[in-house]
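Structure at a glance
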Amino acid sequence: MFNLIRTVELALKSLLLHKLRSGLTMLGIVFGVFSVIAMLAIGEGASQQAQEQVLKLGATNIIVRSVKPPRENAGDRAQNSFVLRYGLLRADFDLLSRTIPTIEQAIPIRELTKPCRYLHREMNCRIVGCTPDYRDVNHLQMAQGRFITDEDRSRKDNVAVLAAGAAQTLFQYEDPLGKTVKIADKRYAIVGVTESREASAAIGGSMSGQDYNNDIYIPLETMRVRMGDLDVDRRTGSFSAEEVQLNQITLRIVDKDQVVPTAAVIRESLAYNHKNPNQYSVVVPQELLKQAEQIKIIFNVVLGSIAAISLIVGGIGIMNIMLATVTERTREIGIRRALGAKQSDITAQFLTETMVLSGSGGLIGVILGLLTPPAFEGVKWLATKFMLEGGQATSEVGTMFLSLTPKIVWSSLPLAFGISVGIGVIFGLYPARAAARMDPIEALRHE
Amino acid sequence: MELAAQVIDLQKHFLLGTVTVKALRGVSIDFPKGDFVAIMGSSGSGKSTLLNLLGALDRPTFGKYIIGGNDVSIMTDDQLSAIRNKMIGFIFQSYNLIPQYTVLENIEVPLHYRVGSSAIGAKDQKWIEHLAQMVGLGDRMDHRPYQLSGGQQQRVAIARALVNNPEIILADEPTGNLDSATEHEIMEMLLNLNQEGRTIVMVTHEPNVARLAKRQIHMKDGVVAGTGIFPG
């Protein structure tokens, strides 16, 4: 009865008669489909990024961190004194590592930011007091020399391992090995330099985004002896001090399945030592991973709804134009009916036109969608070049944006295209039926 | 004598608000094969209504319309479409070509709605080209209607009316929009078709055009008022 290819060809012919109108009508669907694909790609990229970062923390790890409480409710004693005492205790470390059998490895860390000097060059570094296991857990690669050893710990030696960034800033073209760096007026022999390490983005409430490249690692015991637990900050007109024993304890659990139950035990054990649970937080990457997946689902639903709305708006645009087209072509409909077209033929004709319109819109949208990743790179390039000072992101959002790479969700391509054709059918049906129901005599008389 | 079409006591009533308008009040005409009838009458005489019924665009309120042995008065909408496609070739006063289609594509349109056979094959293509040449548009087959004169457009319409080999050709004021030279051309063409054996029913109010037909039927107030040429 009707030949499909010929029908599509003739539909194209009618649409090409009004190129601008057809193009503008298509635009709604183009953007709808494009936004579906682009949004899913960005969502997927963000979620993969989050998952990778969580996995970097280690799926079998539990991280317990000290949290600095706000000054006014820091605790009973601290209220009256200058010294703010908070955070994890060495007693916590002993308690956890000795009493919980599912903990395989426990690494205590103490962090302080101190000015470091080499000759005339000075910078503020994060001094990390740690144990040899720290390297293992954080997958640090040595560029030169060695990491901290147990011997360093027991002898409380003044040795330091520099992160790549710190080594670069302080020593520039010199070889730092064997030289000394002055940290808080005490000299430390440099025994190693690590490869640079990717910055972590903020995860959860307690892990803020961190740049590890300006770290200096020293043995925990050395740090305790040389710097003590008390960190005094003197500035003109103000004086503050805080006493922290440990900033973080990284715990490695023997088995993946044991992580969540162990975390519960850890929370209970810590509550035993601390009255105020706001002084520390327990970060379980596995839980974060679950959260990330849930967030991804919510994200996808929200993005999907936005895209769906834009597709519906596109569909309404198509319907509007098709209704106008049907009125405009009333006479043509009359002619066709006189020449033997059945109502179903007229319906098929206008439905085909709508579907060709929305389908080609969908196709263009898919192509634009495929261009999302390179286009996103371009936006990032422009942002680093013109908007960010020195090409460095200053805020966490900026860091996240710069490290985000959209990943095309391949299943979204046929999905979005299918939806666009479906929109054509749904929104084309009414105008097509309206055309088919016209009285041929009236239609022929139409001017 | 074999009949191409036949109307028996045809009536058509329209409901305008609460008033019933009887546009046709019992018309009976036989159309033998090879006939060339001119239907004349002033406006409101019912000739347009008769033409719509003859064209199977509408169903009569009472009476019978038989074409090619089929009673149209009891058909469904789809069946009417099939009858229009297979049995009737339309020629309109204002040509009624599809503006975005070329000459060949316009001639092709009725073939799209053929019952049964689907795709347009090489044989159909040849037939379409033959018709275009026959009406003298062999060198303009890819032109669009706006590139053609009125007479040329009407010739395309004639070719289109012939493409499905209809039982009768219905011409509604075929020369109404044309100058006298072109009018002559088109009438010549219709006369030739009639001589080849085609049945033509033509509505016109121009006596000099009607004179060319084999017989004339005058309509008045929904009935046949007489036959032959009325001078004036």
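In this text the structure is predicted, and so the values were computed from the model without any measurement.

Assigned secondary structure in chain A consists of 16 helices and 13 strands. The C-alpha radius of gyration computed for chain A amounts to 33 Å, which surpasses the reference 22 Å derived for 447 residues by more than 25%, pointing to a less compact arrangement than a globule. For chain A, the C-alpha atoms occupy an extent of roughly 105 × 50 × 45 Å along the three principal directions. Within the span of chain A, comprising 447 residues, buried residues form 38% of the whole. Look at the contacts in chain A between residues 6 or more apart in sequence, and 82% of them connect residues 24 or more apart.

At the interface, 19 residues of chain A touch 21 residues of chain B. Among the elements that line the side of chain A that touches chain B, the one with the most residues is helix α11 (residues 330-338) of chain A, at 4 residues. Per-class residue counts for the side of chain A that touches chain B are 9 nonpolar, 4 polar and 6 charged.

Here the focus is the confidence of the model for chain A. Residues and elements named next belong to chain A. On average, residues of chain A score 84 in pLDDT, and 91% of them reach the 70 mark or higher. Per-element confidence in chain A ranges from a low mean pLDDT of 47 for helix α3 (residues 76-80) to a high of 94 for α11. Across residues 74-80 the pLDDT falls below 50, and counting only partners more than four positions away or on other chains, this stretch makes 9 contacts in the model.

Moving on, we come to the nonpolar core. The biggest cluster of nonpolar side chains holds 112 residues, and the ones touching the most others in it are Ile37 of chain A together with Ile39 of chain B. Per-element accounting of this core gives the leading share, 12 residues, to helix α2 (residues 19-57) of chain A. With sequence-adjacent residues up to four places away left out, Ile39 of chain B is seen in contact with Lys47, Leu50, Val201, Met202, Val203, Ile217 and Met219 of chain B. Membership of the second largest hydrophobic core comes to 54 residues, among which are Ala46, Phe147, Met223 and Val284 of chain A.

This brings us to the pairing of strand β10 (residues 223-227) of chain B. Residues and elements named next belong to chain B. Inspection of the sheet shows strand β9 (residues 215-220) paired to β10 by 4 bridges, in the antiparallel sense. Paired with His218 across the strands is Gly226, a residue of β10. Connecting β9 to the next strand, β10, in antiparallel fashion are 2 residues, including Asp221 with a positive phi near 50°.

All names here are of chain B. Spatial ordering of the open sheet is given by β6-β7-β8-β3-β9-β10, a layout of 6 strands whose pairing is mixed. Every other strand in the sheet has two partners, leaving β6 (88-91) and β10 as the edge strands with one partner each. The mean inter-strand angle of the sheet, taken between neighbouring strand axes irrespective of direction, is 25°. Judged from the 4 bridges that link them, strand β3 (residues 36-40) and strand β8 (residues 199-203) form a sheet pairing that is parallel. In the sheet register, Ala38 faces β8, and the bridge partner there is Met202. Here helix α6 (residues 180-195) sits on the sheet and contacts β3, β7 (168-172) and β8; the angle it forms with β8, its principal contact strand, is near 145°.

Residue and element names in this part refer to chain B. Spatial ordering of the open sheet is given by β2-β1-β4-β5, a layout of 4 strands whose pairing is antiparallel. Of all the strands in the sheet, just β2 (19-32) and β5 (70-71) have a single pairing partner and so form its edges. Of the strand pairs in this sheet, strand β1 (residues 3-16) and β2 are connected by 11 bridges, and their pairing is antiparallel. Its bridge partner being in β2, Gln6 is matched across the sheet by Asp30. The sheet contacts of helix α1 (residues 47-54) involve β1, β2 and β4 (62-67), and relative to β2 the element is tilted by about 60°.

Residues and elements named next belong to chain A. The geometry of helix α4 (residues 90-99) relative to helix α9 (residues 259-273) is characterised by a closest axis approach of 10 Å and an angle of 145° between their N-to-C directions. Our pair here, α4 against α9, has a crossing hand that is right-handed. Side by side, α4 and α9 meet where Ala91, Asp92, Leu95, Leu96 and Thr99 of the first sit next to Ile266, Ser269, Leu270 and Asn273 of the second. When the residues that make up the contact of α4 with α9 are grouped by side-chain class, the tally is 5 nonpolar, 3 polar and 1 charged.

Moving on: the domain arrangement of chain A. Taken domain by domain, chain A consists of domain 1 (4-53 + 290-445) and domain 2 (61-254). Computed over C-alpha atoms, the centres of domain 1 of chain A and domain 2 of chain A are 53 Å apart.

Moving on, we come to the packing of helix α1 (residues 4-16) of chain A against helix α12 (residues 343-370) of chain A. All names here are of chain A. Following both chains from N to C, one finds α1 and α12 inclined at 75°, their axes separated by 9 Å at the closest point. Taken together, the axes of α1 and α12 are roughly perpendicular relative to one another. Contacts between α1 and α12 pair Thr7, Val8, Ala11, Leu12, Ser14 and Leu15 from the former with Thr352, Glu353, Val356 and Leu357 from the latter. A breakdown of the residues in the contact of α1 with α12 according to their chemical character gives 6 nonpolar, 3 polar and 1 charged.

Looking at chain B, the pLDDT average stands at 90 and 97% of residues meet or exceed 70. Across the interfaces of the predicted complex, the ipTM metric reaches 0.94, alongside a pTM of 0.72.

Bringing the environment of Ile364 of chain A into the picture now. Turning to its location among the elements, Ile364 of chain A is positioned in helix α12. Ile364 of chain A sits 337 residues away from Leu27 of chain A along the chain, and the two C-alpha atoms are 9.2 Å apart.

Turning our eyes to something else, we now look at the environment of Ala348 of chain A. All names here are of chain A. Its place among the elements puts Ala348 in helix α12. You can call Ala348 partly exposed: it has 19 C-beta atoms within 10 Å. The spatial distance from the C-alpha of Ala348 to the C-alpha of Leu323 is 15 Å, given a sequence separation of 25 residues.

Another point: the pairing of strand β3 (residues 103-118) of chain A. All names here are of chain A. In terms of strand pairing, β3 meets strand β12 (residues 248-253) through 6 bridges, oriented antiparallel. In the strand pairing of β12, Ile103 is matched with Ile253. Across 9 bridges, β3 lies against strand β4 (residues 121-130) in antiparallel orientation. Residue pairing across strands places Tyr118 opposite Arg121, the latter belonging to β4. In this structure, the hairpin formed by β3 and β4 is closed by a connection of 2 residues, where Leu119 is found at a positive phi of approximately 50°.

Right, let's get into the environment of Gln258 of chain A. Residue and element names in this part refer to chain A. Structurally, Gln258 can be placed in the loop between β12 and α9. Once the C-alpha coordinates of Gln258 and Asn276 are considered, the two residues, 18 residues apart in sequence, prove to be 26 Å apart. With near-sequence residues (within four places) excluded, Gln258 lies in contact with Thr102 and Ile253.

About the cut-offs
Residues numbered from 1 in each chain as written. Chains lettered and ligands numbered in written order. Predicted model: local features only at pLDDT ≥ 70, side-chain atom pairs only at ≥ 80, totals over all residues. Helix = DSSP H or I, 4+ residues; strand = E, 2+ residues; numbered from the N terminus. Rg over C-alpha atoms; globule rule 2.2 N^0.38 Å. Buried ≥ 20, exposed ≤ 12 C-beta atoms within 10 Å, placed from the backbone. Contact = placed C-beta atoms within 7 Å. Nonpolar A, V, L, I, M, F, W, Y, C, P; charged D, E, K, R; others polar. pLDDT = per-residue confidence, 0-100. Core = buried A, V, L, I, M, F, W, Y, C linked by C-beta atoms within 7 Å. Pairing = 2+ DSSP bridges. Axes fitted to C-alpha atoms, helices over the stretch in contact; angles between N-to-C directions. Left-handed = near helix turned anticlockwise from the far one by under 90°. Domains from an automatic or database assignment. Parallel < 35°, antiparallel > 145°, perpendicular 65-115°, else oblique.

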